[in-house]
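What follows is each chain in one-letter form.
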Amino acid sequence: MSKKKIILSVRSLCKDYRRPSGNMFTVLEGIHLDIYDGEFLALVGLSGSGKSTLLRCMAGLINPDRGTVSYATPSPENMQLSAFVFQNFALFPWMSIRENIAVSMPKLTRQEQDIRIDRIIQMVGLKGFEDAFPRELSGGMRQRVSLARAMVSDPMIMFMDEPFSALDPLTSESLRAELVRLWAQPDRKIRSCVLVTHRFEEALQLADRILILSSNPGTIFRSIEINLPRPRMPNSPEYKEIEEQLEKAFGQLHLDKVTDENEFENTTTDVQSRQKQIDNLNKNRMVISTHDKVSEPENKLTKNNSPTSKQRRIKPLINTNLTLVEGLVSRLSTEVETTDLYDLCEDMGQSVDQVLPAVAAAETLGFIITPGIRVVLTDEGRLFASEHDAEVRGKMMRNAILKLPVVYSIYELVKNSGESGLEADIAIEQIVMMLPFEDHDVQFQTLLKWCRYANLIVYDSDEEKLFIPD
Ligand SMILES: Nc1ncnc2c1ncn2[C@@H]1O[C@H](COP(=O)(O)OP(=O)(O)OP(=O)(O)O)[C@@H](O)[C@H]1O
């Protein structure tokens, strides 16, 4: 690949956005990549990792905050540099299909335009629909129109942001096959293509190279080359091997994300906002209960707030059943105490999607750690798993849950409310202040589920109040 001509270079690209709270956050950091002549590149990564942002920066739809995007001189010189295919088709409803495609036409005579449009309409299978309006077409056909619109200008690079995700699986598969066919045409004018997708099979079917973005901030995590002829055979060993590499990389990204979510990397603005949240929290506490003491975990948090130090973020509750967590910890203790995520799923007869929340919850509770894609029992986890007395085990689970600041603070509020109980609204308010970026309803329901399991708090849904059990 290195001898090929580079047609687009991204150097040290960074992009910042403003959160609804007003704080800035870095969505992309230090992105460095080249796109080669003739290459089909796929960008994949977890949701929110910044794939669309990177695509838009490369296409010139938005500007990076730092770093550069530069295109090679096109040849011929008047060649359009890029075109963009959006997920939601982005067609003009009042224009016919022919007019929608003509929007992107370079300056040509009327006759030349017609020839080009006819050629592209034929190519994408829209013959006979030239005068129809978008509302008269199916989703698949509308996306054909936006493909045609991007291709009609013969751009040097075509950018596609999840172009098939709004379509049903069958339509998206047939359109993907069509794209493979169009890409293979010897007289193709488009030099390169960059596709953002969250579907592995899309990347595996189309791309020459897959770039995996990590999250928070988005950086290039891995690059996987695919030197397989098209159309690709999902059952071939080579395809399966690349698929496995992708799955492994994603497993690692998922686990890194879980670990990251338990860490809070400070920026000056984030520290200020967190301090403000904690101040508010403490102020509010005094209103709720004048003799309420500030919980120990948050005291630590307020003291350790230098902008350069790394501090523990207030941990959200992971919406999973604690029986699954207990099962996972027991499983690890009877096996080798350390395993990889995929072996663990196979062992438990569950999918990665089912096991991941339990892994995250067990880590939050201090029973395991997850270096890379390994799952390793901690001393606390080992003690917990080896305890056979149900009462002592229950107490250990209670202590683990109470170490979580959000549970501790609400438990204290419930305790201080005495026989009259704590109104659910106040508990939810507390959650909103402590975990402003989480879904407070999910957090509240998970808190109730966990506290009921550990017999810490009971909830009276008629009165909408929380009580300490007898
Ligand atoms: N204009 C904007 N202002 C503020 N934040 C934004 C803006 N655009 C995107 N974001 C945020 O930046 C992050 C990355 O968004 P982006 O859409 O680039 O990610 P993505 O990897 O394409 O996600 P997905 O796969 O879910 O589409 C997200 O947290 C998103 O909410």
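As a starting point, this report considers the structure included with it. What you see is a predicted model, and the numbers here were worked out from it, not measured in a lab. (Residues numbered from 1 in each chain as written. Predicted model: local features only at pLDDT ≥ 70, side-chain atom pairs only at ≥ 80, totals over all residues. Heavy atoms only, no water.)

Now for the nonpolar core. Counting residues in each nonpolar core, the largest one holds 56 residues, and the members touching the most others are L328, L365, V407 and L466. Non-local contacts of L365, meaning those with residues more than four positions away in its chain, are made with L322, V325, M397, A400, I401, L404 and W450. L91, A203, L206 and L253 belong to the second-largest nonpolar core, a separate cluster that totals 52 residues. (Core = buried A, V, L, I, M, F, W, Y, C linked by side-chain atoms within 4.5 Å. Buried < 20%, exposed > 50% of the residue type's maximum accessible area, 1.4 Å probe, protein only. Contact = heavy atoms within 4.5 Å.)

Turning our eyes to something else, we now look at the sheet that holds strand β15 (residues 422-423). One open sheet accounts for three strands, arranged β15-β17-β16; its pairing is antiparallel. Each of the sheet's edge strands pairs with one partner strand only, and the pair in question is β15 and β16 (458-460). With three bridges joining them, β16 and strand β17 (residues 465-467) adopt antiparallel strand pairing. Looking at β17, one finds that Y459 is bridged to L466. (Pairing = 2+ DSSP bridges. Helix = DSSP H or I, 4+ residues; strand = E, 2+ residues; numbered from the N terminus.)

In the vicinity of the ligand, the contacting residues are Y17, R18, F25, V27, L46, S47, G48, S49, G50, K51, S52 and T53. At 2.5 Å from an oxygen atom of the ligand is found a side-chain nitrogen or oxygen belonging to S47. A distance of 2.5 Å is found between an oxygen atom of the ligand and a side-chain nitrogen or oxygen belonging to T53. Isolated, the ligand exposes 630 Å² of accessible area, and the fraction of that covered by the protein chains is 58%. Going through the elements one at a time, β1 (6-18), β2 (24-36) and α1 (51-59) are the ones with two or more residues in the shell around the ligand. Element by element, the count of residues in the shell around the ligand is highest for α1, at three residues. (Near = heavy atom within 4 Å. Polar contact = N/O pair within 3.5 Å; in protein donor to acceptor, adjacent residues only side chain to side chain. Areas by Shrake-Rupley, 256 points an atom, 1.4 Å probe, with all protein chains shown as cover.)

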